[in-house]
Amino acid sequence: MATFVMCYFLLFAVAFVCLDARTDKTQDYTSFQYHKGALLTGDVSINLIWYGKFKPSQRAIVTDFVASLSSPRRSTVAPSVATWWKTVEKYYHVSKMTPTRGLTLSLGEQILDEGYSMGKSLTERNLKALAAKGGQSYAVNVVLTSADVVVQGFCMNRCGSHGSGSGSGKKGSKFAYIWVGNSETQCPGQCAWPFHAPVYGPQSPPLVAPNNDVGLDGMVINLASLMAATATNPFGDGYYQGPKTAPLEAGSACTGVYGKGSYPGYAGELLVDATTGGSYNAKGLNGRKYLLPALFDPKTSTCTTMF
């Protein structure tokens, strides 16, 4: 007799219940749970692997975001990127990790692969190989693919992903990695909303991207969500809701929510730059403005927005 799991998923109620045919028991997946595994801790470098052609101005949008994550003293006035990241820090308190085992992020090395060393069509295996080019000790390696690179599953069921690979150091060591693609020419309605009209659902005028780059501003949204997921569930046994094979994580539990009062097709109440017309909810280093996704707050069990 084949085994199977039937799942009923209500996205906006954040509820997940499955009936497991192997046990005939209902598994309640309606709460965010800590599965007793590792969270990212210590002083961790965020290494960026740029695959394909990116302008220096485009790379600066991402590097300023990463540098803003743990720089409250150097950030501009609230609401700041560092303030947004404080929701992630709550996961460490809930898991009763002491402050000395918390997480501090910093911008690490940058690797440019403008020659498409693995071609312009990448598999998951290729992504992991690219990620392995970065440092593997106290690091998260982020692979960023340009608009002309096709990635397995991109635009079909994902805009990015995170995972882990075997480290080159001591036996059993692992490293965490993230991949995010530039969707500007392939699927902006799926991976760069609300800066482009959505492919499905209620239609509303797209917002102006705060850094005037639909593709890169969309990448920041997805990178931010995946950074939160990687910190709180780096190896698949940290914080998540639902089955391990299809988890809702700190960012994905709040997909499409950016400001107060959001609903399908409406990102919520946001700030608007008086000069550029760009919509944003967080400020970063060097005068940057970003639109960042709401994160699931483990203390209130709600999607927390910046204001």
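Per an unreviewed UniProt entry, the protein chain goes by Protein EXORDIUM-like and derives from Arabidopsis thaliana x Arabidopsis arenosa. Entered under Subcellular location (unreviewed entry) in the UniProt record, the comment concerning the protein chain runs "Secreted, Extracellular space, Apoplast". The protein chain has a UniProt comment under Sequence similarities (unreviewed entry) that states "Belongs to the EXORDIUM family."

(A) Here's a closer look at the state of the cysteines. What the rule picks out here adds up to three disulfides. In this model Cys155 forms its disulfide with Cys187; the gap between the sulfur atoms is 2.0 Å. Between Cys155 and Cys187 the sulfur-sulfur dihedral comes to about -70°; the bridge is accordingly left-handed. Highlighted residues: Cys155 in the loop between strand 9 (150-151) and strand 10 (160-166) and Cys187 in the loop between strand 11 (174-181) and helix 4 (188-191), separated in sequence by 32 residues.

(B) Representation of the pairing of strand 10. In terms of burial, strand 10 is a largely internal element, five of the seven residues being buried. Relative to strand 11, strand 10 runs antiparallel, the two being bridged by seven bridges. Along strand 11, the bridge assignment pairs Ser164 with Ala176.

(C) Main features of the pattern of salt bridges. In the structure shown here, the tally under the stated rule is six salt bridges. Asp64 is paired through a salt bridge with Arg288; the nearest N and O atoms lie 2.9 Å apart. Note that Asp64 is positioned in helix 1 (residues 56-68) and Arg288 in the loop between strand 15 (282-283) and strand 16 (289-290), a separation of 224 residues in sequence. Under the relative-accessibility criterion, Asp64 is labelled buried at 11%. Across the pair Asp297 and Lys90 runs a salt bridge whose closest N-O atoms are separated by 2.6 Å. With a gap of 207 residues between them, Asp297 in strand 17 (residues 295-297) and Lys90 in helix 2 (residues 81-94) connect regions that are remote in the sequence. On the accessibility criterion, Asp297 (2% relative accessible area) is buried. Residue class for Lys90 comes out partly exposed when judged on its relative accessible area of 27%.

(D) Seen up close, the sheet that holds strand 8 (residues 139-145). If you walk across this open sheet you meet the five strands as 6-5-8-11-10, and the pairing is mixed. Each having just a single partner strand, strand 6 (103-113) and strand 10 make up the two edges of the open sheet. Mean inter-strand twist for the sheet, computed between neighbouring axes without regard to direction, equals 25°. The pairing of strand 5 (residues 42-51) with strand 6 spans nine bridges and is classified as parallel. By the bridge assignment for strand 6, Tyr51 is matched with Asp113.

Cut-offs applied
Residues numbered from 1 in each chain as written. Predicted model: local features only at pLDDT ≥ 70, side-chain atom pairs only at ≥ 80, totals over all residues. Heavy atoms only, no water. UniProt positions renumbered as here; feature names shortened; annotations may be inferred. Disulfide = S-S within 2.5 Å. Helix = DSSP H or I, 4+ residues; strand = E, 2+ residues; numbered from the N terminus. Buried < 20%, exposed > 50% of the residue type's maximum accessible area, 1.4 Å probe, protein only. Pairing = 2+ DSSP bridges. Salt bridge = Lys/Arg side-chain N within 4 Å of Asp/Glu carboxyl O. Axes fitted to C-alpha atoms, helices over the stretch in contact; angles between N-to-C directions.

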